[in-house]
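One letter stands for each residue in the lines below.
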Amino acid sequence: MDEFLKPNRKAEYGLDLDKVFVGKEIVSRYNISVDESVLSMWSGFMPTASYPESSREFAGRLGFHQIFLPYGFLLNLTLSLGVENFAHSSVLKMEMRDAFYLNPAFPGDTFSCSIKITDIRQARREGHTIIESFHLLFNQKGEPVFSVTRISLFPEVSPRKSIPPERKAPYHNNRFKEQILARTRSIDMENVIYQFKARDLLLHPYVRPIGKSENLFWATYLKNTHPSHYNYQRYQPGEIVISGGIVTAMVIGIAGREFRQILMQQISIAFHVHPVFAEDRVGAFSYVREVRQIMPGYEEVFIRTFGLRNMDTEPELSDVAFPMALFDANVERPSEVRQIIEEKCPILNDRVCSLVNWSVLRKVDT
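Residues numbered from 1 in each chain as written. Predicted model: local features only at pLDDT ≥ 70, side-chain atom pairs only at ≥ 80, totals over all residues. Heavy atoms only, no water.

Quick look at the side chain of Ser-114 now. Tracing the backbone through its elements, the reader meets Ser-114 in strand 4 (residues 110-122). Beyond its immediate sequence surroundings of up to four residues, Ser-114 is in contact with Ile-26, Val-27, Phe-134, His-135, Leu-136 and Phe-138. (Helix = DSSP H or I, 4+ residues; strand = E, 2+ residues; numbered from the N terminus. Contact = heavy atoms within 4.5 Å.)

Topologically, Lys-177 is positioned in helix 4 (residues 174-183). Sequence separation of Lys-177 and Met-264 is 87 residues, and the distance between their C-alpha atoms is 7.5 Å. Look past the residues within four positions of Lys-177 in its chain and what remains in contact with it is Met-264, Glu-300 and Leu-361.

Let us look at the pattern of salt bridges. Tallied over the entire structure, the rule returns twelve salt bridges. Residue Lys-116 is joined to Glu-25 by a salt bridge in which the shortest nitrogen-to-oxygen separation is 3.4 Å. Residue Lys-116 is found in strand 4, and its partner Glu-25 is found in strand 1 (residues 25-27); the two are separated by 91 residues along the sequence. Across the pair Glu-84 and Arg-29 runs a salt bridge whose closest N-O atoms are separated by 3.1 Å. Of this pair, Glu-84 sits in the loop between helix 3 (71-80) and strand 3 (92-101) while Arg-29 is found in the loop between strand 1 and strand 2 (32-33), placing the two residues 55 residues apart along the sequence. Through salt bridges with shared partners, one network takes in Glu-95, Arg-97 and Glu-332. (Salt bridge = Lys/Arg side-chain N within 4 Å of Asp/Glu carboxyl O.)

This part covers helix 1 (residues 36-45). Within helix 1, burial applies to Val-38, Leu-39, Trp-42 and Phe-45. Seen end-on, helix 1 carries its buried residues on one side only, within an arc spanning 125°. More than 90 degrees from the buried face of helix 1, the exposed residues found are Ser-40 and Gly-44. Where helix 1 is buried, its residues touch helix 3, strand 7 (201-209), helix 5 (212-221) and helix 6 (244-259). (Buried < 20%, exposed > 50% of the residue type's maximum accessible area, 1.4 Å probe, protein only. Arc of directions from axis to C-beta.)

Under the defined criterion, the tally for this structure stands at 24 aromatic pairs. Where Phe-217 meets Trp-218, the ring centres are 4.8 Å apart and the plane angle is 90°; that geometry is what we call edge-to-face. For Phe-217, a relative accessible area of 34% corresponds to the partly exposed category. Look at Trp-218 and Tyr-221: their rings are 5.8 Å apart centre to centre, the planes differ by 80°, and that puts the pair in the edge-to-face class. Linking Trp-218 with Tyr-221, this pair stays in helix 5, spanning three residues, or about one helical turn. The pair formed by Trp-218 and Tyr-221 is uniform in burial state, with each residue classed as buried. Taken together, Phe-64, Phe-68, Tyr-71, Tyr-101, Phe-106, Phe-146 and Phe-176 form an aromatic cluster joined through their ring pairs. Geometry around Phe-64 places Arg-183 over its ring, the cationic atom sitting 4.9 Å from the centre. (Phe/Tyr/Trp six-rings, centres within 6.5 Å; stacked < 30°, edge-to-face > 60°. Lys NZ or Arg CZ within 6 Å of the ring centre and 35° of its normal.)

Set out below in structure tokens:
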């Protein structure tokens, strides 16, 4: 008689929803060494507007031995290293907050990531739970390199009730920022736009697709193991989603071209309004919320950038008057953005893919 065998073992990925509690710590199963070839490939994929991330000579003048690994790359590495044993079981990444570049990271470094659950609360959507988590990327020396807070939607869980929500983890990039400020005082820089002021509105001319091969490469390299990003057997070509980290990095990379020269950048909040699929074209426009002189010769520009999909930004939007409601600081939900667009700016219907509130540090002539 022929013998048959059915599969009898299965690996479980993602957060174990039966063992969730505030304060739970998770360490990524991966350690990734990043070499110069990866930096070159990222630079050919993402626009960059930062001297320290593109010029070894400039990094040397700042007293560093090598080019910094780009902000957008580290953002994606921090998020993606938490997919396999955390985010794989989530329904949706609702937003990210407070993405800080804490200490310089260089080609040749090795990275891993830890995750701490900082809050668990009931979602508005019935049968679901919101889990807030703090993600920390660290190098081979154990030094913190990058941190970001992620707010995710999970199936409903019943956490232990005895542990109250923790305070925000005390990681800041003040020392790194002070190093940049101190070491660039004697370096001349030429900005693309000399001076910004509040209520400036820019249409960014750069529009770029995120191709199928690029998406597959970076999802694989960054260990972003959720099948919606790569499984063409399960999903149709038009259903393969570009990860939120890649979209966010592309949007601020496109926008950053007009804000050069950027010494540091920092996301305060980012969320997605509509998904971006493989081969979609990504563009952006930006609103300057505030310009703050932090010391003589330096300014911090606070920006709200909207990512666009499948739109040629300058030709299609040059004559459009945008509703100021889009730039209201209190608008911080995808549903609010969609409602404003539907009622007041229909040309953007189904075109806005993301919203990013961020800031850039620039050196300016006094």
